[in-house]
Amino acid sequence: MSLSHLHAEPYAYLVLAAFVLAVGIYGLIRRRTLIGMLIAGELIFGAASLNLMTVNRFFAPDPVVGQVFVLFIMGLAAAEVSIALSIIIAVYRNYRSIRSAEISEMKG
Amino acid sequence: MNDFPFAPLILTVTFLVFAAATAGGALLAALTTRIIRSVCGLSLCCVGLAGLYYFLNSPFLALMEILIYVGAVCVTIIFGIMLAEPDEPVPGGISQSSVMWATGALAAAAVLFWGTARLGISGHWPKPPTTPGDGSVRAIGISLLTTYSLAFEVISVVLLVAIVGALALARLGRHHE
């Protein structure tokens, strides 16, 4: 596996996807605001998409399936971001803060 | 085969630049304290991912990644940042539990990276198909409207529900005050 053929090796993409996933998990645990956690979640989505695309390119018989799948992941991620941001704004209106440690009481 | 001079070198350097943008953007997104820099890191990571999709024979998805993530998701998050004040709280001092959380998160991430990367490298992947097939935009469109038409319709309903739900949630919070 030389450097000049790195772009044709599936392992380079798989290791990179694993790295992005690990960074996303680290951010998800470490972040203390809701928007930071949302960004870390987007990183995890990106890692999953890259992994799917790699397997689709190198190991799948039909190259269309993975692309359609990743397209659906992007649509779901966009829906998730819109919902999460409106929840964050509603939380900010009620608590004047979006630190996850302060959102610890329920209605009732 | 390649008539263009230095074509393999340019290819390698481009790949390395996109891979570095992905990894560096991800690190920037997860580690900075200012959230706006974190969003910039996320968009850098998405540009790198788009380049990698191009290397993976999918220019359509590269375009969609730029359009949806950089153009829509990051801009929406920036709107959220403008409406709330989301900067990470400045730690008043290094407490015991903070160090413990950091160590735990780092350990979890390291174990996950090691395990996933090892699985990817040493996994017994099936042999690549001999016929590469056609992954063009035309083929994607045809399969979206034939094989995956149900999923296509369902995801459009999901997006509609998400739009209406986001509007309802944001309005409800305002009405509550």
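Each remark here, short or long, concerns the structure printed above.
Residues numbered from 1 in each chain as written. Chains lettered and ligands numbered in written order. Predicted model: local features only at pLDDT ≥ 70, side-chain atom pairs only at ≥ 80, totals over all residues. Heavy atoms only, no water.

### What to know about the overall build of chain A
Condition: The numbering of helices and of strands both runs from the N terminus, where a helix is a DSSP run of H or I of at least 4 residues and a strand a run of E of at least 2. Here the radius of gyration uses the C-alpha set of atoms, whereas the globule reference equals 2.2 Å times the residue count to the power 0.38. We call two residues in contact whenever any of their non-hydrogen atoms come within 4.5 Å of each other. Exposure was quantified through the Shrake-Rupley algorithm and a 1.4 Å probe, taking into account, for residues, occlusion by the shown protein chains and nothing else.
When you go through chain A residue by residue, the secondary structure sums to 3 helices and 0 strands. In sequence order, chain A lays out its α and β elements as α-α-α. A compact globule built from 108 residues would reach a C-alpha radius of gyration of about 13 Å, whereas chain A, at 18 Å, exceeds it by more than 25%. Along the first, second and third principal axes, the C-alpha atoms of chain A reach 60 × 25 × 20 Å. Pairs at least 24 apart in sequence give 54% of the contacts found in chain A among residues at least 6 apart. Summing over all exposed atoms, chain A offers an accessible surface of approximately 4,500 Å²; the carbon and sulfur share of this is 65%.

### Re the overall build of chain B
Inclusion rule: Throughout this description, buried means an accessible area under 20% of the type-specific maximum (1.4 Å probe, protein chains only), exposed means over 50%, and partly exposed covers the range between.
Along the backbone of chain B there are 6 helices and 0 strands. Reading the secondary structure of chain B in the N-to-C direction produces α-α-α-α-α-α. The 177 residues of chain B split such that 32% are buried. For chain B, the share of sequence-separated contacts (at least 6 apart) that also reach a separation of at least 24 residues comes to 53%. For chain B, the exposed surface amounts to about 11,300 Å²; the carbon and sulfur share of it is 74%.

### Some thoughts on the interface of chain A and chain B
The test is simple: Buried area counts how much accessible surface, traced with a 1.4 Å probe, disappears from two parts once they are put together, with both parts' losses summed. What qualifies as a polar contact is a pair of N or O atoms within 3.5 Å, subject to a donor-acceptor requirement within protein and to the restriction that residues adjacent in sequence count only when both atoms come from side chains.
Every contact between the two is made by 70 residues of chain A and, on the other side, 84 residues of chain B. Buried area between chain A and chain B, summed over both chains or domains, comes out near 6,900 Å², and the portion from carbon and sulfur atoms is 77%. For chain A, the biggest contributors to the area lost against chain B are Arg31(A), Met74(A) and Arg93(A); these three give 10% of the whole. In this assembly, chain A and chain B are joined by 5 residue pairs in polar contact (both at pLDDT 80 or more). At the level of secondary structure, the elements contributing two or more residues to the side of chain A that touches chain B comprise α1 (10-30), α2 (34-58) and α3 (63-95) of chain A.

### A word on helix α1 (residues 7-31) of chain B
Spelled out, the test is: Take the residue count of a helix, subtract one, and multiply by 1.5 Å to get its expected span.
The terminal C-alpha atoms of α1(B) lie 36 Å apart, and with 25 residues this matches the ideal 36 Å at 1.5 Å per residue to within 8%. Buried positions along α1(B) lie against α1 and α2 of chain A together with α2 (35-55) of chain B.

### Focus on helix α5 (residues 137-145) of chain B
All names here are of chain B. The following threshold applies: Read the arc as the range of directions from the helix axis to the C-beta atoms.
Those residues of α5 lying buried are Ala139, Ile140, Ser143 and Leu144. All buried residues of α5 lie within an arc of 135 degrees about the axis, which places them on one face of the element. Along α5, the residues that are exposed and aim more than 90 degrees away from the buried face are Arg138 and Leu145.

### Quick notes on the packing of α1(A) against α1(B)
To keep things clear, this is the line we draw: Axis definition: a line fitted to C-alpha atoms, limited for helices to the stretch in contact. Angles are taken between N-to-C directions and run from 0 to 180 degrees. For classification purposes, an angle smaller than 35 degrees is called roughly parallel, one larger than 145 roughly antiparallel, one from 65 to 115 roughly perpendicular, and anything else oblique. Charged residues are taken to be Asp, Glu, Lys and Arg, nonpolar residues to be Ala, Val, Leu, Ile, Met, Phe, Trp, Tyr, Cys and Pro, and polar residues to be all remaining types, Gly included.
In the contact formed by α1(A) and α1(B), the axes pass within 8 Å of each other and the chain directions differ by 10 degrees. Classified by the interaxial angle, the pair formed by α1(A) and α1(B) is roughly parallel. For the pair formed by α1(A) and α1(B), the contact residues are Ala12(A), Tyr13(A), Leu16(A), Phe19(A), Val20(A), Val23(A), Tyr26(A) and Gly27(A) on the first element and Phe15(B), Ala19(B), Thr22(B), Ala23(B), Ala26(B), Leu27(B), Ala30(B) and Leu31(B) on the second. Tallied by class, residues from the contact of α1(A) with α1(B) come to 14 nonpolar, 2 polar and no charged.

### Observations regarding the packing of aromatic side chains
How we decide: Whether two aromatic rings pair depends on their centres lying within 6.5 Å, for rings of Phe, Tyr and Trp, where Trp uses its six-membered ring; planes under 30 degrees apart make the pair stacked, over 60 edge-to-face, and the rest tilted. Here, a charge over a ring means that NZ of Lys or CZ of Arg falls within 6 Å of the ring centre while also lying within 35 degrees of the ring normal.
Counting across every chain of the model gives 6 aromatic pairs over all chains. A ring pair is formed by Tyr13(A) and Phe58(A), whose centres lie 5.9 Å apart and whose planes are at 40 degrees; its orientation type is tilted. With Tyr13(A) in helix α1 and Phe58(A) in helix α2, this residue pair connects regions lying 45 residues apart in the sequence. Ring centres of Phe59(A) and Trp125(B) lie 4.7 Å apart, and the angle between their planes is 5 degrees; this geometry places the pair in the stacked category. Of this pair, Phe59(A) sits in the loop between α2 and α3 while Trp125(B) sits in the loop between α4 (96-122) and α5, each in a different chain. With a relative accessible area of 12%, Phe59(A) lands in the buried category. Chaining the aromatic ring pairs together yields one cluster made of Tyr13(A), Phe58(A), Phe59(A), Phe15(B), Phe55(B) and Trp125(B). Between Arg57(A) and the ring centre of Phe58(A), over which it is positioned, the NZ or CZ distance is 4.8 Å.

### Looking at the nonpolar core
Worth spelling out the cut-off: We define a nonpolar core as any set of buried Ala, Val, Leu, Ile, Met, Phe, Trp, Tyr and Cys residues linked to one another through side-chain atoms lying within 4.5 Å. All domain edges in this entry derive from an automatic or database-based domain assignment.
Ile35(A), Leu50(A), Tyr53(B) and Ile77(B) are the most contacted members of the largest nonpolar core, which totals 60 residues. Listing elements by their share of this core, those giving two or more residues are α1, α2 and α3 of chain A together with α1, α2, α3 (59-83) and α5 of chain B. Sort the elements by how many residues they give to this core and α3(A) lands first, with 12 residues. Two domains each provide a minimum of three residues to this core, namely domain 1 (1-88) and domain 2 (136-177) of chain B.

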